[in-house]
Amino acid sequence: GVKLLLHGLCTNTTVKSLDLKGNNLRTTGAEALGKLLRQNKSIRSLTLEWNSLGMWEEGFSFFCQGLRANNFLQRLDLRNNQINHQGAGELAMALTQNTSLQELDLRWNNIGLLGGRALLNCLHSNKTLKRLELAGNNVPGDILKAVEQALDHNQDREAILSEAQNQVNILSKEVLSLKDEKNKQFMDFLDTVDKQKEERARSEKMSAARVSQLQEALDEQYSIMNSLKTKLQMTEAALALSEQKVHTLGELLNAVKQEQNSVAEGHFRELQQQKQEGADREGRLLHDLSAASEKNLLLRNQVDELERKCKVHQDQLFQVKQDLTNTTAELKLRAVEAEGEWRKRLEMEKRRFKQSLEDMESLRVKEVDRMAQQMEASERSMHDRIQRLEAIRISLDEELSQVKAAALTERGRAEEELIKARSQARLEEQQRLEHLEEKLRLMTESRDEAQNCCLKQKEMVAEAQAKAKQLGLYADGLKRRLDELQQDLDRKEEEKVTELNKMKVELQEQIGHLEAERTAQDGLREKIAALERQLKALSSNHREALLDKEGEISLLLEKLRMKEAEISRMREEEAQRASFLQNAIMAYVQGSPLGAHSSRK
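Model, not experiment: these values are computed from the prediction.

## Considering the overall build of the protein chain
Helix and strand content of the protein chain: 10 helices and 5 strands. Classification of the 601 residues of the protein chain by burial places 25% in the buried group. Restricting the contact set of the protein chain to residue pairs at least 6 apart, pairs at least 24 apart contribute 85%. With the model as given, the accessible surface of the protein chain reaches about 40700 Å², and the carbon-plus-sulfur share is 55%.

See below:
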């Protein structure tokens, strides 16, 4: 029967405890037990008391082999199983490889000196056994003491391992929290890098817009020069026509004076047209000069906007520093307020529970006094009634001699009244006693509840103190972290200040370039004025004006080439500056601790 039962339990996963005490198990039962221990993974407690397993050496060795292979059993009871020193040796061999058994009961067997030594030797390699009972086995006292010392050593080792595991868990939680903080800091740093990239893109857009404006200004100057060239070509054509007409007039002067007069009038008209064209050209040149001045004003406004943006960035950095100081102060105030509130709550809870206990005690004392007073009043009333009844009995005895029949009836009625009064008094006393007992029981229950509440409050106080300590440690960690962040912010602020100084220097250089361009434009204005004076003098000396114009055109072409060279140089400088800024940002990101951490990832 045991064999069938144990065969069924081999694959069971729900049974945790098995008790086979006093079932007269033999060799087959011991073998089935060994098989069960090899295959079952759910049984934690096994009781085999009064089964004489030690008498069957082969079966008990098979059982020990199963115990050696089992790593789930925690408690084994082998009392009164006639185990000798050989069986104890097999058990010791099994225990050297077993890593789960914590309690082993071998009382009232026949282990002896050799078995005790074998078990003591196995404890040097077994570190999980915490309790070993060897009473009634003829084991010497020194071996028993050595076994106790080994078991104490195992218990201490288990306690140290549990504490180490708890510390490891705590450290793992702290490491996870630090990792979360590092990830948050890394994300914040990435956000700042993205913002810097956006600002750089904006500055690049602004520089591109400025370059495009300068390009437009140069295109306009090109167009002005082209218009001047066309005008010069027109004047040359007009001069060629006038020369041809003068030649024809010289040939026809001798022939017809009227034709000379008509030719003179036509020449006069052409001169008037040229004067009108010169006035129109002068107006156009003035308009172009006003447009150039407006563009200079726009460039100045852009420079002012850049300086204002630099100031806004500095204000934002100062605001961020103020926000950090405010957050640190708020965190400190919150920690202090939380600690004060916890202490106040604990003191109020203590006072309230002390007051409730005192009120309960006073109520209980008052109730007991009131019950005692009621008991005394009931006893006095009963004593008075008994006295009255005694008086009535005496009067009835006196009247008995006078009238026997009336006395007998009165006596019977009085006895009935006495019986009823006594029964009623007993019932009332029983009811009052039951009521008092119920009240006492309720009072004891309320007192137990109050004590439980006090214990719970003490536990809550201890937990609150532990939490307060943890909060203090966490606050210290936050302070250290805030100091680190403050240092990082100071370093970043210094780097931004250096970058802003570089930008100011670059802006000053650009302003210098723009001023140089403005001076060049002033020179162009003066040249245009000279051109206008020369245009007025064209009516007197066309050929000299043409020669002067050609010289001026060559000078303007050279200046245009110089301007183009300057623009190309400025573009190259802008490209070099952008590449330098990009390399500096990449070097800063790779050189910072967070950048190194991200690159390692």
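## Some words on the confidence of the model for the protein chain
The pLDDT averaged across the protein chain works out to 79; a share of 87% of its residues lies at or above 70. Overall, residues 594-601 carries pLDDT values under 50, and its contacts beyond four positions in sequence, including any with other chains, amount to 9 contacts.

## Observations concerning helix 4 (residues 85-97)
Taking 1.5 Å of rise per residue, 13 residues should cover 18 Å, and helix 4 covers 19 Å from first to last C-alpha, within 8% of that figure. Inspection of helix 4 places Gly87, Ala88, Gly89, Leu91, Ala92, Ala94 and Leu95 among the buried residues, and these make up the whole buried set. The elements touched by buried residues of helix 4 are helix 3 (57-69), strand 4 (103-105) and helix 5 (112-122). Backbone nitrogen of Gln86 and a side-chain oxygen of the N-cap are separated by 3.3 Å at the start of helix 4; the cap is Asn84.

## Brief notes about helix 5
Gly112, Gly115, Gly116, Leu119, Leu120 and Cys122 are the residues of helix 5 that are buried. The buried residues of helix 5 all sit within an arc of 160 degrees when viewed along its axis, so they share a single face. Away from its buried face by more than 90 degrees, helix 5 exposes Leu114 and Asn121.

## Considerations on the nonpolar core
Within the largest apolar cluster, 45 residues are counted, with the highest numbers of intra-cluster contacts made by Leu48, Leu76, Leu78 and Leu106. Secondary structure elements with two or more residues in this core: helix 1 (2-9), helix 2 (27-39), helix 3, helix 4, helix 5 and helix 6 (141-252). When neighbours within four sequence positions are excluded, Leu76 is seen to be in contact with Leu46, Leu48, Phe63, Leu67, Leu101, Glu103, Leu104 and Asp105.

## Considerations on the side chain of Asn98
Of note, Asn98 is situated in the loop between helix 4 and strand 4. On the accessibility criterion, Asn98 (2% relative accessible area) is buried. Here Leu101 takes part through its backbone nitrogen, which lies 2.8 Å from a polar atom of the side chain of Asn98.

## Some points on the side chain of Asp105
Within the element layout of this structure, Asp105 appears in strand 4. You can call Asp105 buried: its relative accessible area is 5%. Asp105 has contacts with Leu76, Asp77, Leu78, Arg79 and Glu133, leaving out every residue within four places of it along the chain.

## Regarding unusual backbone geometry
Residues other than glycine seldom take positive phi values, yet Ser52 does so here, at roughly 55 degrees. You can see Ser52 is positioned in the loop between strand 2 (45-47) and helix 3. For Asn80, which is not glycine, the phi dihedral falls at a positive 55 degrees. By the element assignment, Asn80 lies in the loop between strand 3 (75-77) and helix 4. For Asn80, a relative accessible area of 17% translates into the label buried.

## Description of the sheet that holds strand 1 (residues 17-19)
Strand order in this open sheet of 5 strands is 1-2-3-4-5, and the pairing throughout is parallel. Only two strands of the sheet have a single neighbouring strand rather than two, namely strand 1 and strand 5 (131-133). Ignoring strand direction, the axes of neighbouring strands in this sheet form an average angle of 0 degrees.

## Digging into the layout of surface pockets
One number sums up the size of the second largest pocket: a volume of about 1100 Å³. Lining the second largest pocket are 50 residues; nearest its centre among them are Ala217, Leu218, Gln221, Glu517 and Gln521. For the lining of the second largest pocket, the element with the highest residue contribution is helix 6, accounting for 15 residues. When its residues are assigned to classes, the lining of the second largest pocket shows 23 nonpolar, 9 polar and 18 charged.

## Points about the packing of helix 2 against helix 3
Running from N to C, helix 2 and helix 3 cross one another at 10 degrees; their axes reach a closest spacing of 7 Å. Looking at the two axes, helix 2 sits roughly parallel to helix 3. In this structure, helix 2 contributes Thr27, Ala30, Glu31, Leu33, Gly34, Lys35, Leu37 and Arg38 to the contact, and helix 3 contributes Gly59, Phe60, Phe62, Phe63, Gln65, Gly66, Leu67 and Ala69.

## Thoughts on the packing of helix 4 against helix 5
Closest axis-to-axis distance for the helix 4/helix 5 pair is 8 Å, and the angle between their directions is 5 degrees. Viewed along their axes, helix 4 and helix 5 adopt a mutual orientation that is roughly parallel. Residues His85, Ala88, Gly89, Ala92, Leu95 and Thr96 of helix 4 pack against Leu114, Gly115, Ala118, Leu119 and Cys122 of helix 5. Of the residues contributing to the contact of helix 4 with helix 5, the split by class is 7 nonpolar, 4 polar and no charged.

## Observations regarding the pattern of salt bridges
Considering all chains together, one arrives at 12 salt bridges under this definition. In this structure, the salt-bridge partner of Glu133 is Arg131, at a minimum N-O distance of 3.3 Å. You can call Arg131 partly exposed: its relative accessible area is 34%. Here the residues in one salt-bridge network are Glu49, Asp77, Arg79, Asp105 and Arg107, joined through shared partners.

## Things to note about the environment of Gly59
Tracing the backbone through its elements, the reader meets Gly59 in helix 3. The class of Gly59 is buried, set by a relative accessible area of 0%. Residues Gly59 and Gly29 lie 30 residues apart in sequence; the distance between their C-alpha atoms is 7.7 Å. Ignoring any residue separated from it by four or fewer positions in sequence, one finds Gly59 in contact with Thr27, Ala30 and Glu31.

## A short note on a negative patch on the surface
A cluster of like negative charges, contributed by Glu376, Glu379, Glu428 and Glu429, occupies part of the molecular surface. Elements with a contribution of two residues or more to the negative patch: helix 7 (257-400) and helix 8 (404-536). As for its position among the elements, Glu429 is in helix 8.

How each quantity is defined
- Residues numbered from 1 in each chain as written.
- Predicted model: local features only at pLDDT ≥ 70, side-chain atom pairs only at ≥ 80, totals over all residues.
- Heavy atoms only, no water.
- Helix = DSSP H or I, 4+ residues; strand = E, 2+ residues; numbered from the N terminus.
- Buried < 20%, exposed > 50% of the residue type's maximum accessible area, 1.4 Å probe, protein only.
- Contact = heavy atoms within 4.5 Å.
- Areas by Shrake-Rupley, 256 points an atom, 1.4 Å probe, with all protein chains shown as cover.
- pLDDT = per-residue confidence, 0-100.
- Expected span 1.5 Å × (residues − 1).
- Polar contact = N/O pair within 3.5 Å; in protein donor to acceptor, adjacent residues only side chain to side chain.
- Arc of directions from axis to C-beta.
- Core = buried A, V, L, I, M, F, W, Y, C linked by side-chain atoms within 4.5 Å.
- Pairing = 2+ DSSP bridges.
- Axes fitted to C-alpha atoms, helices over the stretch in contact; angles between N-to-C directions.
- 1 Å grid on protein atoms, 1.4 Å probe; cavity = no way out; pocket = protein on both sides within 12 Å on 5 of 7 lines; lining within 4 Å.
- Points joined across faces, edges and corners; volume = space filled by probe spheres on them.
- Nonpolar A, V, L, I, M, F, W, Y, C, P; charged D, E, K, R; others polar.
- Parallel < 35°, antiparallel > 145°, perpendicular 65-115°, else oblique.
- Salt bridge = Lys/Arg side-chain N within 4 Å of Asp/Glu carboxyl O.
- Patch = residues over 30% accessible without salt bridge, like charges linked within 9 Å, V, L, I, M, F, W, Y side chains within 5 Å.
- Lys, Arg positive; Asp, Glu negative; His and termini not counted.
- Charge placed at Lys NZ, Arg CZ, Asp CG, Glu CD.

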